[in-house]
Amino acid sequence: TAFHASRSGGTGRGYLSASIPLATYETLVEAGQKAPSFIVPLPRQMVAEEETPEAQAQPYEFFFLQWAFHPTPPIPQPSVLDDPLPDTTLPSSPRAPLATVLFTPLLEYKTRTTFATPHLVLTMYPDLSSSHGIVLLRGELTPSSAGEGKFLLSQQDAQLLALGMQRFYLASTEKDEGQKERAELLRIFNEDPSKFRWEGLLKHANPTA
């Protein structure tokens, strides 16, 4: 966290960082493998000319997210020039795969498909999963062509997208009604997309609800 906070001239802008308990990460991975894509609503501010009695609805921008899983790199082995290490000090292989989640504006993805530019990339590193029971998360915002220190997303929007991903991919069908609804939306989007209705997402767009 201190390292990422020191980036961008000490502002930390352009990066997210966190540690995830291994059990939580394994739940995310299981859900991501079953549902490798989804859309997340991001609240947007209403422009001045839209602030009329006829246009009081909160505007949203939808972001398309995609999961990808990668094999973890092998544990480096000592060379013949290294001093031998006791067996108890050798690191063990990570228990979980390395995962990335890409967030792209839905409109841009529909227009440019695989050539669309992700605005946020989350990478989750399981290197410490066996030894410490945690997975490290690093989020990178895509720089903007508007100038140095500018990004395609604000820091707050990036945090809301990461939180939105967790709310749907950690939803349990055995808890409260809201979690059941989020889990069902995720399932329908991936397994029966003809029945998916984006309006159902807006009920769960508030990250504090």
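Further up the page is the structure itself.
Keep in mind it's a predicted model, so treat the numbers as computed, not measured.

1. So, the environment of Val-121
Alright, step 1. Looking at where Val-121 falls in the secondary structure, it is placed in strand 5 (residues 120-125).
Alright, step 2. Take Val-121: its relative accessible area is 22%, and that puts it in the partly exposed class.
Alright, step 3. Put simply, Val-121 and Ala-158 are 37 residues apart on the chain and 9.4 Å apart in space, counted from C-alpha to C-alpha.

2. As for the packing of helix 6 (residues 155-169) against helix 7 (residues 177-191)
Alright, step 1. Contact geometry of helix 6 with helix 7 gives a least axis separation of 8 Å together with a crossing angle of 95°. One way to sum up the angle between helix 6 and helix 7 is to call them roughly perpendicular. Across from Arg-167, Phe-168 and Tyr-169 in helix 6, the residues of helix 7 making contact are Arg-182, Leu-185 and Leu-186.
Alright, step 2. Grouping the amino acids of the contact of helix 6 with helix 7 by side-chain chemistry returns four nonpolar, no polar and two charged.

3. A look at the sheet that holds strand 2 (residues 37-43)
Alright, step 1. Spatial strand order, 1-6-5-4-3-2: six strands in an open sheet with antiparallel pairing. Edge strands, defined here as strands with exactly one partner in the open sheet, are strand 1 (15-21) and strand 2. Strand-to-strand, the axes of this sheet are offset by a mean angle of 20°, without reference to chain direction.
Alright, step 2. When strand 2 meets strand 3 (residues 60-70), the two strands line up antiparallel, connected through seven bridges. Note on strand 3: the bridge partner recorded for Pro-41 is Phe-62.
Alright, step 3. Of the strands in this sheet, strand 1, strand 3, strand 4 (98-105), strand 5 and strand 6 (134-141) touch helix 3 (residues 22-34), which is tilted by about 105° from strand 1.
Alright, step 4. The strands that helix 7 touches are strand 2 and strand 3; relative to strand 2, the one it contacts most, it runs at about 130°.

4. A short note on empty space enclosed by the protein
Alright, step 1. Applying the stated criterion across every chain yields a total of one cavity of 30 Å³ or more.
Alright, step 2. For the largest cavity, the calculated volume is near 80 Å³.
Alright, step 3. Elements represented by at least two residues in the lining of the largest cavity include exactly strand 2 and helix 6.
Alright, step 4. For the lining of the largest cavity, the element with the highest residue contribution is helix 6, accounting for four residues.

5. Remarks on the pairing of strand 4
Alright, step 1. For strand 4, the buried fraction is high: seven of the eight residues fall into the buried class.
Alright, step 2. Sheet analysis places strand 3 next to strand 4, joined by eight bridges and oriented antiparallel. Within strand 4, the position partnered with Trp-67 by the bridge is Val-101.
Alright, step 3. As judged from the five bridges shared by strand 4 and strand 5, these two strands associate in the antiparallel manner. In the sheet register, Leu-102 faces strand 5, and the bridge partner there is Val-121.

Parameters and conventions
- Residues numbered from 1 in each chain as written.
- Predicted model: local features only at pLDDT ≥ 70, side-chain atom pairs only at ≥ 80, totals over all residues.
- Heavy atoms only, no water.
- Helix = DSSP H or I, 4+ residues; strand = E, 2+ residues; numbered from the N terminus.
- Buried < 20%, exposed > 50% of the residue type's maximum accessible area, 1.4 Å probe, protein only.
- Axes fitted to C-alpha atoms, helices over the stretch in contact; angles between N-to-C directions.
- Parallel < 35°, antiparallel > 145°, perpendicular 65-115°, else oblique.
- Contact = heavy atoms within 4.5 Å.
- Nonpolar A, V, L, I, M, F, W, Y, C, P; charged D, E, K, R; others polar.
- Pairing = 2+ DSSP bridges.
- 1 Å grid on protein atoms, 1.4 Å probe; cavity = no way out; pocket = protein on both sides within 12 Å on 5 of 7 lines; lining within 4 Å.
- Points joined across faces, edges and corners; volume = space filled by probe spheres on them.

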